[in-house]
Amino acid sequence: MSEPRTIAEDGDGVVILDQTRLPAQTAFVRLTTLDEAAQAIRDMRVRGAPLIGATAAYGVALALREGVPLAKAIDVLAATRPTAVNLRWALERMRRVLAESAVAERRERACDEARAIAREDEEANAAIGRNGLPLLQIVEHRPVRVMTHCNAGWLATVAHGTALAPVYAARAAGDDVFVWVSETRPRNQGLLTAWELRHANIPHALIADNAAGLLIMRGEVDLVIVGADRIAGNGDVANKVGTYLKALAANVHGVPFYVAAPLSTIDFDCPEGAAIPIEERDAAELGEKVSRGDTPVVNPAFDITPADLITGIITEQGILPPTGLAALRR
Ligand code: MRU
């Protein structure tokens with residue numbers, strides 16, 4: 001894959017890379033209506049907080065072209081996934097900008113703003129890569145060993161990724177880097193991360209989620225970098241379920257634990273992690289054998305890592321202490 005950008009304008013619509021078909025198949029899907037955009041987010045054809053936000057912004061543009069009222073388009077898209085705040089952030093931005101536009105100009109204005117959101121995400125993630133790079137230049141004569149969880153690579157954003165952006169920057173700078181990729185049950189987003197890293201020729205190994213503690217305990221991990229779906233005002237972070245356990249293990253063994261995210265992932269209206277809505281997903285995700293049986297299933301898609309377990313938050317504005325976010329409120 002030569003052009004690692006997940007969403008692109010194409011004639012009357014936008015083309016996305018269907019992540020439900022990866023890593024087996026690289027298939028592109030064209031979205032031309034509000035319902036198609038909402039369905040793509042709901043079914044996780046597009047996923048990852050920043051990409052969900054950008055897709056929703058384009059979904060508003062597609063809706064206006066169909067003649068769907070703005071308020072309805074925003075309601076439909078806002079209901080697709082509850083945890084990634086980039087979704088609400090992008091929709092609020094579209095609402096604000098379009099409210100200020102003359103009705104006759106709204107369709108064009110919606111396209112421009114969706115394009116701006118996508119471009120800004122790309123730029124923010126490139127800056128996250130640059131800002132996180134020094135964290136990976138901590139050892140000589142052997143690769144720095146990063147552990148990540150889920151997929152916070154370019155697939156989860158418009159381009160570059162968040163947690164993987166410093167890894168790509170290190171590779172581009174000629175530094176040796178190795179990535180521990182946790183499988184990320186039940187949806188196996190780790191396979192997406194492994195797919196990205198394989199295409200970028202970055203050494204890595206896939207591990208079962210439960211192997212993370214052992215590797216951290218044995219000193220085989222120099223630092224952990226994960227993405228975020230929502231960061232509360234006090235620095236608590238919601239990310240893919242399983243993140244918290246890695247943070248606990250890293251804390252006990254003195255391994256730095258970083259979160260990489262653009263400022264659009266910070267929810268200043270949310271005071272603390274406990275107030276972040278956690279998406280509950282279908283039992284079927286735990287596998288056919290489980291969902292066909294009588295066993296009750298609970299399937300939360302995200303968990304909360306308290307701010308005091310986080311070494312720093314890598315953003316486009318630098319590496320911030322998790323407890324110092326209030327100063328950024330605009
Ligand atoms: O359910 P998903 O696959 O959308 O969850 C994605 C994650 O949890 C990512 O770590 C997070 O969105 C950051 S993506 C740059």
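Just above, that's the structure.
Residues numbered from 1 in each chain as written. Predicted model: local features only at pLDDT ≥ 70, side-chain atom pairs only at ≥ 80, totals over all residues. Heavy atoms only, no water.

Chemist: Break down the overall build of the protein for me, citing the residues and quoting the values.
Modeler: Counting its secondary structure elements, the protein contains 10 helices and 14 strands. Computed over C-alpha atoms, the radius of gyration of the protein comes to 19 Å, within 12% of the 20 Å expected from 2.2 N^0.38 for 330 residues, which places it in the range of a compact globule. Its C-alpha atoms put the protein at 60 × 50 × 40 Å along the principal axes. At a minimum sequence separation of 6, the contacts of the protein that also span at least 24 residues come to 75%. With an accessible surface of roughly 14100 Å², the protein has 51% of that area assigned to carbon and sulfur atoms. Here the protein holds 34 positive side-chain charges and 42 negative ones, and the gap between their average locations is 2 Å. (Helix = DSSP H or I, 4+ residues; strand = E, 2+ residues; numbered from the N terminus. Rg over C-alpha atoms; globule rule 2.2 N^0.38 Å. Contact = heavy atoms within 4.5 Å. Areas by Shrake-Rupley, 256 points an atom, 1.4 Å probe, with all protein chains shown as cover. Lys, Arg positive; Asp, Glu negative; His and termini not counted. Charge placed at Lys NZ, Arg CZ, Asp CG, Glu CD.)

Chemist: So, the sheet that holds strand 2 (residues 13-17): which residues are in play, and what are the values?
Modeler: One open sheet holds the three strands; their spatial order is 1-2-3, and the pairing between them is antiparallel. The open sheet is flanked by strand 1 (7-10) and strand 3 (28-31), the only strands paired with a single partner. Strand after strand, the sheet turns through a mean of 30 degrees between neighbouring axes, direction not considered. Taken together, the four bridges between strand 2 and strand 3 define a ladder with antiparallel strand orientation. Directly across from Val15, in strand 3, lies its bridge partner Arg30. (Pairing = 2+ DSSP bridges. Axes fitted to C-alpha atoms, helices over the stretch in contact; angles between N-to-C directions.)

Chemist: Which residues make up the packing of helix 2 (residues 49-66) against helix 5 (residues 106-132), and what values go with them?
Modeler: When two helices pack together, you describe them by how their axes are tilted relative to each other and by the distance separating the axes. Remark: helix 2 packs on helix 5, axes separated minimally by 8 Å, with the N-to-C direction vectors making an angle of 170 degrees. On the basis of their axis angle, the class for helix 2 and helix 5 is roughly antiparallel. Contacts between helix 2 and helix 5 involve Pro50, Ala54, Ala57, Tyr58, Ala61, Leu64 and Arg65 from the former and Arg106, Arg107, Ala110, Cys111, Ala114, Arg115, Ile117, Ala118 and Asp121 from the latter. For the contact of helix 2 with helix 5, a count of residues per class yields 11 nonpolar, no polar and five charged. (Parallel < 35°, antiparallel > 145°, perpendicular 65-115°, else oblique. Nonpolar A, V, L, I, M, F, W, Y, C, P; charged D, E, K, R; others polar.)

Chemist: Now, about the packing of aromatic side chains: what can you tell me, with residues and values included?
Modeler: Inspection of the entire model under this criterion finds two aromatic pairs. Relative to Trp195, the ring of Trp154 has its centre 6.0 Å away and its plane inclined at 50 degrees; by these criteria the two rings are tilted. Taken together, the positions of Trp154 in the loop between strand 4 (144-148) and helix 6 (165-172) and Trp195 in helix 7 (residues 189-199) put the pair 41 residues apart, joining distant regions of the chain. Neither Trp154 nor Trp195 differs from the other in exposure class; each is buried. On the basis of an interplanar angle of 80 degrees and a centroid distance of 4.9 Å, the ring pair of Phe178 and Trp180 is categorised as edge-to-face. Here Phe178 matches Trp180 in class, with each residue buried. One cation-aromatic arrangement involves Lys240 over Phe302; the distance from NZ or CZ to the ring centre is 4.1 Å. (Phe/Tyr/Trp six-rings, centres within 6.5 Å; stacked < 30°, edge-to-face > 60°. Buried < 20%, exposed > 50% of the residue type's maximum accessible area, 1.4 Å probe, protein only. Lys NZ or Arg CZ within 6 Å of the ring centre and 35° of its normal.)

Chemist: Break down the pattern of salt bridges for me, citing the residues and quoting the values.
Modeler: Per the counting criterion, the structure on display carries 22 salt bridges. Here Asp222 and Arg142 are joined by a salt bridge, their closest N and O atoms 2.9 Å apart. Linking Asp222 in the loop between helix 8 (212-217) and strand 7 (223-226) with Arg142 in the loop between helix 5 and strand 4, this pair joins segments that are 80 residues apart in sequence. As a salt-bridge pair, Glu285 and Arg281 come within 2.6 Å of each other at their nearest N and O atoms. For the residue pair Glu285 and Arg281, the accessibility class agrees, reading buried in each case. Taken together, the shared-partner salt bridges connect Arg81, Arg187, Glu279, Arg281 and Glu285 into one network. (Salt bridge = Lys/Arg side-chain N within 4 Å of Asp/Glu carboxyl O.)

Chemist: Requested: an account of the nonpolar core, with residues and values cited.
Modeler: The nonpolar side chains of a soluble globular protein tend to be buried with one another. By size, the foremost hydrophobic cluster in this structure holds 38 residues, and its most contacted members are Ile7, Leu31, Val60, Leu77, Leu91 and Met94. Contributions of two or more residues to this core are made by strand 2, helix 1 (34-42), helix 2, helix 3 (70-78), helix 4 (85-99) and helix 5. Contacts of Leu91, omitting those with residues within four sequence positions, involve Ala56, Val60, Ile74, Leu77 and Ala78. The next biggest cluster of nonpolar side chains, apart from the first, holds 30 residues, and it includes Leu164, Ala165, Leu192 and Ala260. (Core = buried A, V, L, I, M, F, W, Y, C linked by side-chain atoms within 4.5 Å.)

Chemist: Which residues make up the site of the ligand, and what are the values?
Modeler: In the vicinity of the ligand, 19 residues are found, and the nearest of them are Arg47, Arg81, Asp229, Asn239 and Lys240. One nitrogen or oxygen atom from the side chain of Arg47 is found 2.5 Å from an oxygen atom belonging to the ligand. Between the ligand and Arg81, the relevant distance is 2.8 Å, taken from an oxygen atom to a side-chain nitrogen or oxygen of the residue. Look at the ligand: alone it shows 410 Å² of surface, and the protein chains cover 100% of it. Elements represented by at least two residues in the shell around the ligand include exactly helix 2 and strand 9 (237-240). Among the residues making up the shell around the ligand, the classes are represented as eight nonpolar, seven polar and four charged. Residues from two domains meet in the shell around the ligand; each of domain 1 (7-121) and domain 2 (131-328) gives at least three. (Near = heavy atom within 4 Å. Polar contact = N/O pair within 3.5 Å; in protein donor to acceptor, adjacent residues only side chain to side chain. Domains from an automatic or database assignment.)

Chemist: Help me get a handle on the environment of Pro186, residues and values and all.
Modeler: Looking at the secondary structure, you find Pro186 in the loop between strand 5 (177-182) and helix 7. According to the relative accessible area criterion, Pro186 is partly exposed, its value standing at 25%. Between the C-alpha atom of Pro186 and that of Ala283, which follows or precedes it by 97 residues, the distance is 9.9 Å. Sequence-distant contacts of Pro186, defined by excluding residues within four places in its chain, comprise Glu285, Leu286 and Asn299.

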